[in-house]
Structure formats: C-alpha cells, structure tokens
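# Examination of the molecular architecture
Take a look at the letters that make up each chain.
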Amino acid sequence: IKKIGVLTSGGDAPGMNAAIRAVVRAAIYNKIEVVGVLQGYEGLIHGDFKKMKSHDVSNIIQKGGTILRSARSEEFRTVEGRKKAHEQMIANKIDALVVIGGDGTFSGARIFTQEFDIPVVGIPGTIDNDLFGTDYTIGYDTAINTVIDAVDKIRDTASAHNRLFFIEVMGRDAGFIALRSGIATGAEAILIPEKETHTQELQKYLEKGYKEHKSSGIVIVAEGDKSGGAYTIAKEIGKEHPEYDIRVSVLGHMQRGGSPSAFDRVTASTLGVAAVEALLDDQKSIMVGIVNGEVSHVSFNKTIKNKKKVKDSLMSLNDILSI
Ligand code: F6P
C-alpha cells in the first residue's frame, strides 16, 4: 500500500478530527501517502481529494465536527455510484481506504470491498455507541457529558418549580446514550427501546415519588423508545396526572457538537493508528474497535449483522438507585 484515503461519513461525532489526525500521522510515520476525501462517499465519487501533510492535521484534536466534512451519500448506494468511486481511486492511485462512521458507513464499505477487492478498514465514529464489536464508539463519551451538563441544569429549574421533566436524547434506535446519561444524572426513570415501556409501571413509580415529596422528576427518554418520544409519553402521563407540572425538553443536535472528551480523544488516537496498522497487516473489510481496553478487529459482516446489547446490569442499576 502506497497511498490511502481517509473519509468521515454519516452523522458527525466529536473525536472524528482526532481520528483523522491519527490516521494521517500514522500513515506518514509509515511512509504512506494519505489523502483526505471530502464529504464522505460523495467526495469519493466526485474525486474530491486533498493531499494531507502532517501540518494539515495540526490543532484539530480538540475540535468537534469533522474537517473533512460528512454526508450520507445516496449515490454510493447504487452500483453506478460505487463504480465511479472505484474509477476515481484508480485514477488517483489510492490503494486503500480508512472510513470513519457508523453502520451505514460500514455497509457501504463492505459492499465496495466485495465488488472491487479494495482494502477498507473502518473506525467506529458515532455518538450512538450502537456498533457491535467495540465497547465504545468515538463521540459517545462526549455526547453523554453534553447530556449530563444539560440535564443537571434542567434539574436545577425542575427542583425550583417542583416539575416533572421528560428529556429526549439521541441514539437513533438504541438506548445507550439514554441509559448511561440517565444513571449519571440520577434520573427517576429511563425509557429505552431495548426495554418495553410499561406506562402504568412508570405512572405507579412516579406517583410514589410524588407522594414521597420528591421535589423534581427527570425521565430520560431515548428518541427511539417505543413510547413514541418525550412529547407523547409526557402527554399520556399528564392526562392521568393533572397534578404534575410537566415540561418536555428535546436536546437535539447539541449532543453531536463540542470539543471531544479526553476519553474520546484517546480512543480516536488509538483507533486511527490501529486502522493504518491493520491495512499494513493486509486486513480488509474490518472495523477496529476497543474491547476490554484492547484494540480488536471485527469483520464488517459481523458488526453489521449483529446487534450490540445494552448491559442488563446497567438497566437494573437504575431500578435500585432511583427509589
Ligand atoms: O447517528 C447519530 C444521530 O445523531 C442519531 O442519534 C440521530 O438519530 C441522527 O443521527 C440524526 O440525524 P440527522 O443529523 O440527519 O438529523
């Protein structure tokens, strides 16, 4: 391998820049040329490449977003789109790719490697943490800290007014952000898609808290929860309990921004180097991840086909702590 391309695709996540920096520097360290591909697979299709030198990634480890910009490419889903991307790689003598993103990114990469036998290594970058084969994805820790900061502030005003808040957090169809941030903020209840929401159970629980004179209530609702989201569940509870002073807060895209935490920076740096080393080791069609503190390799096949499970022990933790 003489020249690799690096791109970020799908929803951006804090720490993507730290990963780009690590890929670029590790490639240069190993005497491999590296180009940045702008706007994910879109840039690959249209030949939007930028030669990267070491100084091009100076001063970005602390920045949110992605200097390469990101996109969800419809064209790359088509055979013609991927053919164009391959032609661009040949024309620009790019031998291999490092793709930073989530399962959509890896699904595209998997089919691309099958069609054209191009080595591709993935780095998990998504705030959702919903990727099988890694304990943590880049951006997850920062997003949780952002949520915690917001919920702590909401708790102040909730307590001042004796209010019950339903706070909706991101996570797509997974509850990882909700569960961890709910535990960290001492939420009264956490609603996640992995666990069926029993409205009656929740009502009983909240009623108990109310009777016991809790001064505020926080219910963290994962956006993918089957209850239909924070507004729907708040309305339902409000109908049954007009005595509650209920408010809803949807945190939204603030969860995707901001300077990455130390944890995300170190994870991104580790995985960026690991991705380049994996390519040098003739690996293709795999994602690098962190399992039990060590770098792991998992095939795109496995990470796409398997669903990562939420830890049962974490789910029961909140039942004990929120009495
Ligand atoms: O996958 C990251 C994520 O932020 C999800 O948590 C959320 O459901 C989705 O992306 C939002 O996507 P968009 O930025 O396209 O609105």
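If you look the protein chain up in an unreviewed UniProt entry, it shows as Multifunctional fusion protein from Labilibaculum euxinus. You can read under Subunit (unreviewed entry) in the UniProt record for the protein chain the words "Homotetramer." In its Subcellular location (unreviewed entry) section, UniProt records this for the protein chain: "Cytoplasm".

A few words now on the overall build of the protein chain. Looking only at helices and strands, the protein chain features 11 helices and 11 strands. Seen through its principal axes, the protein chain has C-alpha atoms that stretch 70 × 35 × 35 Å. A fraction of 76% describes how many contacts in the protein chain between residues 6 or more apart in sequence connect residues 24 or more apart.

Sequence positions flagged by UniProt for "domain: Phosphofructokinase" (unreviewed entry) are, in local numbering, residues 3–279. What you have in residues 3–279 is 44% helix and 16% strand, and the ends, taken at the C-alpha atoms, are 11 Å apart.

Turning next to the environment of Pro193. Tracing the backbone through its elements, the reader meets Pro193 in the loop between strand 7 (189–191) and helix 7 (199–211). A residue is classified by how many C-beta atoms lie within 10 Å of it, and Pro193, with 19 of them, is partly exposed. Taking C-alpha positions, Pro193 is 13 Å from Lys311, a pair spaced 118 residues apart along the chain.

Turning our attention to the packing of helix 6 (residues 176–184) against helix 11 (residues 312–321). How two helices pack is summed up by the angle between their axes together with the distance between the axes. Between helix 6 and helix 11, the shortest axis-to-axis distance is 10 Å and the interhelical angle comes to 35°. Crossing hand, helix 6 versus helix 11: left-handed. On the side of helix 6, the interface is formed by Leu179, Gly182 and Ile183, while helix 11 contributes Leu314, Met315, Leu317 and Asn318. Taken together, the residues that form the contact of helix 6 with helix 11 break down as 5 nonpolar, 2 polar and no charged.

Let's shift gears to the site of the ligand. The local shell around the ligand consists of Gly11, Gly102, Thr126, Ile127, Asp128, Met170, Gly171, Arg172, Glu223 and Arg256. Looking at the shell around the ligand, its residues break down into 2 nonpolar, 4 polar and 4 charged.

Over its 14 residues, helix 4 (residues 103–116) extends 20 Å from the first C-alpha to the last, a length consistent with the 20 Å expected when each residue adds 1.5 Å. Listed as buried for helix 4 are Asp103, Thr105, Phe106, Gly108, Ala109, Arg110 and Phe112. Tucked inside the fold, the buried residues of helix 4 contact helix 2 (40–46), helix 3 (79–91), strand 4 (96–101), strand 5 (120–124), strand 10 (286–291) and helix 10 (300–305). In the segment just after helix 4, Asp117 is the residue with positive phi, at about 55°.

Between helix 5 (residues 140–161) and helix 6, whose axes approach to 9 Å, the crossing angle comes to 50°. If you check the angle between helix 5 and helix 6, you find them oblique. The handedness of the crossing between helix 5 and helix 6 comes out as right-handed. For the pair helix 5 and helix 6, contact is made by Tyr140, Ala143, Ile144, Val147, Ile148 and Val151 and by Phe176, Ile177, Arg180, Ser181 and Ala184, respectively. In terms of residue class, the contact of helix 5 with helix 6 is built from 9 nonpolar, 1 polar and 1 charged.

Attention now goes to the nonpolar core. Ala19, Val23, Val98, Ile167, Ile177, Val221 and Ala275 are the most contacted members of the largest nonpolar core, which totals 88 residues. If one sorts the elements of this core by residue count, helix 1 (residues 16–29) sits on top with 9 residues. Apart from the residues lying within four places of it in its own chain, the contact partners of Val23 are Val6, Val34, Val98, Gly272, Ala275 and Val276.

Sheet strands pair via backbone hydrogen bonds, and the direction of the pair is either parallel or antiparallel. Pairing in this open sheet of 7 strands is mixed, and the strands run 3-2-1-4-5-10-11 from one edge to the other. The sheet terminates laterally at strand 3 (49–51) and strand 11 (294–299), the two strands that pair on one side only. Here the strands of the sheet are splayed against their neighbours by 30° on average, with no regard to which way each runs. Where strand 4 meets strand 5, 5 bridges bridge the pair, whose relative direction is parallel. By the bridge assignment for strand 5, Val98 is matched with Val121.

The rules behind the values
Just so you know, the residues in each chain are numbered from 1, in the order the chain's sequence is written. The model is predicted, so local features are restricted to residues of pLDDT at least 70 and side-chain atom pairs to those at 80 or more, both for listing and for counting; the totals for chains, interfaces and linings are taken over all residues. UniProt positions are given in the numbering used here, feature names are shortened, and annotations may be inferred rather than shown by experiment. A helix here means a DSSP run of H or I that spans at least four residues, while a strand means a run of E at least two residues long, and both kinds are numbered starting from the N terminus. For every residue pair, C-beta atoms are placed from the backbone, and the pair is scored as a contact if these atoms sit within 7 Å. Residues are called buried when their C-beta atom has 20 or more other C-beta atoms within 10 Å, exposed when it has 12 or fewer, and partly exposed otherwise; all C-beta atoms are positioned from the backbone. Convention adopted: a line fitted to C-alpha atoms gives each axis, helices being fitted over their contacting stretch, and angles between N-to-C directions are expressed from 0 to 180 degrees. Helix crossings fall into two classes, left-handed where the near helix is turned counterclockwise from the far one by less than a right angle and right-handed where it is turned clockwise. Classes in brief: Ala, Val, Leu, Ile, Met, Phe, Trp, Tyr, Cys and Pro nonpolar; Asp, Glu, Lys and Arg charged; the others, Gly included, polar. Each residue gets a C-beta atom placed from its backbone. Should that atom fall within 6 Å of a molecule or strand, the residue is termed near it. By definition here, a helix of n residues has an expected span of 1.5 Å times n minus one. What sets the label is the angle itself: under 35 degrees gives roughly parallel, over 145 gives roughly antiparallel, 65 to 115 gives roughly perpendicular, and the rest give oblique. To count as a nonpolar core, a set of buried Ala, Val, Leu, Ile, Met, Phe, Trp, Tyr and Cys residues must be joined through C-beta atoms within 7 Å. Following DSSP output, two strands are said to pair if at least two bridges run between them.

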